[in-house]
Amino acid sequence: HIQDPASQRLTWNKPPKSVLVIKKIRDASLLQPFKELCVYLTEENNMIVYVEKKVLEDPAIANDENFGPVKKKFCTFREDYDDISNQIDFIICLGGDGTLLYASSLFQGSVPPVMAFHLGSLGFLTPFNFENFQSQVTQVIEGNAALVLRSRLKVKVVKEHREKMTVQNGIEENGVVSAGLEKEVGKQIMQYQVLNEVVVDRGPSSYLSNVDVFLNGHLITTVQGDGVIVSTPTGSTAYAAAAGASMIHPNVPAIMITPICPHSLSFRPIVVPAGVELKIMLSPDARNTAWVSFDGRKRQEICHGDSISITTSCYPLPSICFRDPVSDWFESLAECLHWNVRKKQNNFAVEEEE
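So, how was this worked out
Residues numbered from 1 in each chain as written. Predicted model: local features only at pLDDT ≥ 70, side-chain atom pairs only at ≥ 80, totals over all residues. Heavy atoms only, no water. Buried < 20%, exposed > 50% of the residue type's maximum accessible area, 1.4 Å probe, protein only. Helix = DSSP H or I, 4+ residues; strand = E, 2+ residues; numbered from the N terminus. Pairing = 2+ DSSP bridges. Contact = heavy atoms within 4.5 Å. Patch = residues over 30% accessible without salt bridge, like charges linked within 9 Å, V, L, I, M, F, W, Y side chains within 5 Å. Areas by Shrake-Rupley, 256 points an atom, 1.4 Å probe, with all protein chains shown as cover. Salt bridge = Lys/Arg side-chain N within 4 Å of Asp/Glu carboxyl O. Core = buried A, V, L, I, M, F, W, Y, C linked by side-chain atoms within 4.5 Å.

**Here we look at the pairing of strand β12 (residues 227-231)**
For β12, the buried fraction is high: five of the five residues fall into the buried class. Both faces of β12 are covered, namely the face carrying G227, I229 and S231 and the face carrying V228 and V230. Bridging between strand β9 (residues 197-201) and β12 involves five bridges; their strand directions are antiparallel. Looking across to β12, one finds that E197 is bridged to S231.

**Describing the environment of L195**
Mapping L195 onto the fold places it in the loop between β8 (182-194) and β9. The exposure class of L195 is buried, given its relative accessible area of 0%. In the structure, L195 is positioned 43 residues away from A238 in sequence and 11 Å away in space, judged by C-alpha atoms. Discounting chain neighbours no more than four positions away, the residues touching L195 are L100, L101, S104, R150, S151, R152, T232, T234, G235, D295 and L317.

**Re a nonpolar patch on the surface**
On the surface, V326, F330, L337 and W339 cluster together into a nonpolar patch covering about 350 Å² of accessible area. Among the structural elements, W339 can be located in the segment after α8 (325-337). Overall, the relative accessible area of 42% leaves W339 in the partly exposed class.

**Examining the nonpolar core**
Core analysis: the largest hydrophobic core is formed by 32 residues, its most contacted members being F34, L37, L41, F74, I92, F117 and V137. For this core, the secondary-structure elements that each account for two or more residues are β1 (18-23), α1 (31-44), β2 (48-52), α2 (53-56), β4 (90-95), β5 (114-118) and α6 (133-141). Element by element, the count of residues in this core is highest for α1, at six residues. Excluding residues within four positions of it along the chain, L41 makes contact with V19, V21, N46, M47, V49, I92 and V137. Of all hydrophobic cores here, the second largest spans 29 residues; its members include V228, I255, V272 and V292.

Encoded structure:
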């Protein structure tokens, strides 16, 4: 039996008590919706509201005396300093698709359900309009909503840690002639949870990127071009679609590999099963280093000997639907990307019977 994507529903074991409100920074148009939402959550529903500290540092919020009593009830946190992963029942995002990506980055383990309001420029991942937010939020609190589990990528970056050494007369202390001024002193390991895509590119170099891609330990291809995108189905409608990949519904368990401007006529985007392990490394004969970013953040350089391991995470992002996963996705394709929009062909004129 294959589960119908539309059958996934949000259910609470106990009524939710705490909510994280994420607001796009430096956007004056979101101030009023943010205040209205927070008043509704605290006064009408007695919810504990978590807000990032830098949101409340906005002068328009800090200097609003009428909002002061509500603001005193907030719990605040700082990104990369405070761990709130076990204190949040669900999340409300106000902004564009970037706010959902940001919410994902805050939770490196299990992610609470996310309700995203479309108050940004694109709105592919944010299906809710703010006009009727009271009734929609109430439905979520009551557990009356459909869910789509957006798979994420678990990414591990292993870097050969090198440090500069001062060598006198080309000879080290043990009397061995030094071949260079760098010495490996261990490995640095970083891990990330990625909702959209991992992008490996050539950075500022004028040379083609030259990286090897392994699947479950087997070399499957070498990418020669501007780089390669490894994306989730959610990310298939982002950078991958712009690079010529197919758009995949978020319920499909898959990982996409899409080249960026490959210098090959036959290198087409491919889809591999979720759960496989991809490994990306600089080719031994690569002329230059590569650069990698994760959902457009944490950009860093990749050198010879470094590796990027990517597989499907066991912590998806539960995204609350406006209607259901199928209707929401196709509506987003039509609204945001104008998918299959075309002037209709005229039908034949009906000839009068003789």
